[in-house]
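What the coordinates show
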Amino acid sequence: MASSSALFVSPFAPSFAAVSRVSYKPFLTQKLPFLRPLSLIKASSTSAGYSAAPVADKPSKSFKSTSWQWKFDDKSISIYYEEHSKNNSDSPKDILMIPTISDVSTAEEWRSVALDIVQRAGGADWRATIVDWPGLGYSDRPKIDYNADVMEKFLVDFINSPDSPLKNSANDLVVFGGGHAATILVRAAKKGLVKPAAIAAVAPTWAGPLPIVFGRDSNMESRYGLLRGTLRAPGVGWMMYNMLVSNEKAIQSQYKSHVYADPNNVTPKVVESRYALTKKQGARYAPAAFLTGLLDPVKSREEFVDLFAGLDGKIPVLVVSSKGSPRRSKAEMEALRGASGVTKFVEVPGALLPQEEYPSVVAEELFQFLQETS
């Protein structure tokens, strides 16, 4: 089992703002003295004896990708989404799949699961919509003040707007989310802002890379603000982002250490796909918020568990825990085992992206849940 030493890495969520201990730590602490207290930590994961699918399968014949315009703060933000459905399907039911929030979040992580589910026989026909978050994936990346409330508003608008791609889903919409996305979804559902027929939370997380390791006292929050401001700044921001995030070695290291459970599944294709995302215009703004905890939907385990409890008896909820998750991530997932509001709890192989690393196994669990709840 491989492990690596990395800067700014929390096992709670797959951050790729990580660099080599040997290459960059001296530079960072000399040039950015406010980072000196931030020590290096190790993250590890275990391998599992399952085969993994490629990162981006060929789309089905009934595949389409397009964009939806999200109106936010007098801006029109182009949101990428794709739809998968069975050929000649009449009146399919809708599933919305939301990617895990990370520095290299992408709709690609759900594609193999979507293809698997929509082409299965038995029961209802399904149409899967995968959407990229604003500021991430293939969506536009404007320089806005990203935080958990902004991401929640986007999700609510995408589901509820009169011109939403999901406007015809009526009360049958099922939503699958990974990582922070799952927790933001559950938070919105608890507030009554969205009313899905069922929810699946795959490897759910709630804490960003820095706050969970170094805390949230006023001194550290000030340091996070400095770091965030530096990453968003012209010139030096791009330089720092290119060094920390837009770096193929860093991406590969993180995937091998805790994003995937089996380092052998981290292929050049995976790394190249994620690296390309870091070169998009405006790529650094949302990751700067994620890294420093602004995209965290809650501040504690108690709040995390309470979100799910708020759905008890209202919405069926499946929690998919991953066997090879890093220790801190695993502890939070385990806190949901038998918790109020969790209808079903299962374990699958993988670490922080089981839906991408082991899509057939995850798809099987999700399909069973669909049959049980539809």
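Scoring rules and cut-offs
Residues numbered from 1 in each chain as written. Predicted model: local features only at pLDDT ≥ 70, side-chain atom pairs only at ≥ 80, totals over all residues. Heavy atoms only, no water. Helix = DSSP H or I, 4+ residues; strand = E, 2+ residues; numbered from the N terminus. Buried < 20%, exposed > 50% of the residue type's maximum accessible area, 1.4 Å probe, protein only. Contact = heavy atoms within 4.5 Å. Areas by Shrake-Rupley, 256 points an atom, 1.4 Å probe, with all protein chains shown as cover. 1 Å grid on protein atoms, 1.4 Å probe; cavity = no way out; pocket = protein on both sides within 12 Å on 5 of 7 lines; lining within 4 Å. Points joined across faces, edges and corners; volume = space filled by probe spheres on them. Pairing = 2+ DSSP bridges. Right-handed = clockwise from strand over helix to strand, strands pointing away. Core = buried A, V, L, I, M, F, W, Y, C linked by side-chain atoms within 4.5 Å. Polar contact = N/O pair within 3.5 Å; in protein donor to acceptor, adjacent residues only side chain to side chain. Axes fitted to C-alpha atoms, helices over the stretch in contact; angles between N-to-C directions. Salt bridge = Lys/Arg side-chain N within 4 Å of Asp/Glu carboxyl O. Parallel < 35°, antiparallel > 145°, perpendicular 65-115°, else oblique. Nonpolar A, V, L, I, M, F, W, Y, C, P; charged D, E, K, R; others polar. pLDDT = per-residue confidence, 0-100.

Naming follows an unreviewed UniProt entry, where the chain appears as AB hydrolase-1 domain-containing protein of Linum trigynum.

The helix and strand tally for the chain stands at 14 helices and 10 strands. Out of the 374 residues in the chain, the part that is buried amounts to 61%. Looking at the chain alone, contacts between residues at least 24 apart form 78% of all its contacts between residues at least 6 apart. Of the roughly 14000 Å² of accessible surface on the chain, 47% is carried by carbon and sulfur atoms.

This part is about empty space enclosed by the protein. Applying the stated rule across the entire model yields 2 cavities of 30 Å³ or more. Considered as a void within the structure, the largest cavity measures approximately 40 Å³ in volume.

Attention now moves to the pairing of strand β6 (residues 126-131). Where burial is concerned, most of β6 is hidden: 5 out of the 6 residues are buried. By the bridge criterion, 5 bridges tie strand β5 (residues 93-98) to β6 in an arrangement that is parallel. Following the sheet pairing, aspartate 94 is matched in β6 by arginine 127. The parallel pair β5 and β6 is bridged by helix α2 (residues 108-118), and the resulting crossover is right-handed.

The biggest cluster of nonpolar side chains holds 53 residues, and the ones touching the most others in it are Leu96, Trp133 and Phe308. Ala128, Ile130, Phe367 and Leu370 belong to the second largest nonpolar core, which has 27 residues in total.

Moving on: the side chain of glutamate 82. Along the chain, glutamate 82 turns up in strand β4 (residues 75-85). Owing to a relative accessible area of 0%, glutamate 82 belongs among the buried residues under this scheme. Only 2.8 Å separates the side chain of glutamate 82 from the side chain of arginine 111, close enough to count as a polar contact. Each residue touching glutamate 82, except ones within four places of it in the same chain, is listed here: Phe63, Lys64, Ser65, Ala107, Arg111, Ala128, Thr129 and Ile130.

The next point concerns the sheet that holds β6. Within a sheet, neighbouring strands are paired by backbone hydrogen bonds and run either parallel or antiparallel to one another. With mixed pairing, the 8 strands of this open sheet are ordered in space as β3-β4-β6-β5-β7-β8-β9-β10. Sheet topology places β3 (63-72) and β10 (344-348) at the edges, where each strand pairs with a single neighbour. Direction aside, the axes of adjacent strands within the sheet are offset by 20 degrees on average. Bridge analysis of strand β9 (residues 317-322) against β10 gives 5 bridges, and the strand direction is parallel. Following the sheet pairing, valine 319 is matched in β10 by phenylalanine 345.

Before going further, it helps to spend a moment on the pattern of salt bridges. A side chain with one charge can pair with a side chain of the opposite charge if their charged atoms come near. Per the counting criterion, the structure on display carries 22 salt bridges. In this structure, arginine 127 engages aspartate 94 in a salt bridge whose closest nitrogen and oxygen atoms are separated by 2.8 Å. Separated by 33 residues along the polypeptide, arginine 127 in strand β6 and aspartate 94 in strand β5 bring together distant segments of the chain. Residue class for arginine 127 comes out partly exposed when judged on its relative accessible area of 23%. It is possible to trace a salt-bridge network through shared partners that takes in Asp149, Glu152, Arg187 and Lys191.

Turning our eyes to something else, we now look at the packing of helix α3 (residues 148-160) against helix α4 (residues 180-190). Interaxial distance between α3 and α4 falls to 10 Å at its minimum, and their mutual angle equals 70 degrees. One way to sum up the angle between α3 and α4 is to call them roughly perpendicular. On α4, the residues touching Ala148, Asp149, Met151, Glu152, Leu155 and Val156 of α3 are Ile184, Leu185, Arg187 and Ala188. Within the contact of α3 with α4, the residues separate by chemical class into 7 nonpolar, no polar and 3 charged.

A few words on unusual backbone geometry. Backbone geometry places aspartate 73, a non-glycine residue, at a positive phi of 50 degrees. The topology assignment puts aspartate 73 in the loop between β3 and β4. We note that alanine 203 has phi near 45 degrees; this positive angle belongs to a residue other than glycine. One can find alanine 203 in the loop between β8 (198-202) and α5 (209-214). Relative accessible area serves as the criterion here: at 0%, alanine 203 is assigned to the buried category.

Right, let's get into the environment of phenylalanine 158. Among the structural elements, phenylalanine 158 can be located in helix α3. Remark: the alpha-carbon pair of phenylalanine 158 and tryptophan 68, spanning 90 residues in sequence, is separated by 8.6 Å. Beyond its immediate stretch of four places on either side in the chain, phenylalanine 158 contacts Trp68, Tyr81, Leu96, Thr129, Val131, Ser164, Pro165 and Leu166.

Mean pLDDT for the chain: 85, with 83% of residues reaching 70 or above. Predicted confidence is poor over residues 1-49, with pLDDT under 50, and the contacts of this stretch with residues over four places away or in other chains come to 163 contacts.

Burial runs high along strand β7 (residues 174-178): 5 of the 5 residues are buried. Side chains of β7 alternate between two faces, with Val174, Phe176 and Gly178 and Val175 and Gly177 buried alike. Here 5 bridges tie β7 to β8, and the two strands are oriented parallel to one another. Residue pairing in the sheet places valine 175 in a bridge with isoleucine 199 of β8. Handedness of the crossover joining β7 and β8 through α4 is recorded here as right-handed.

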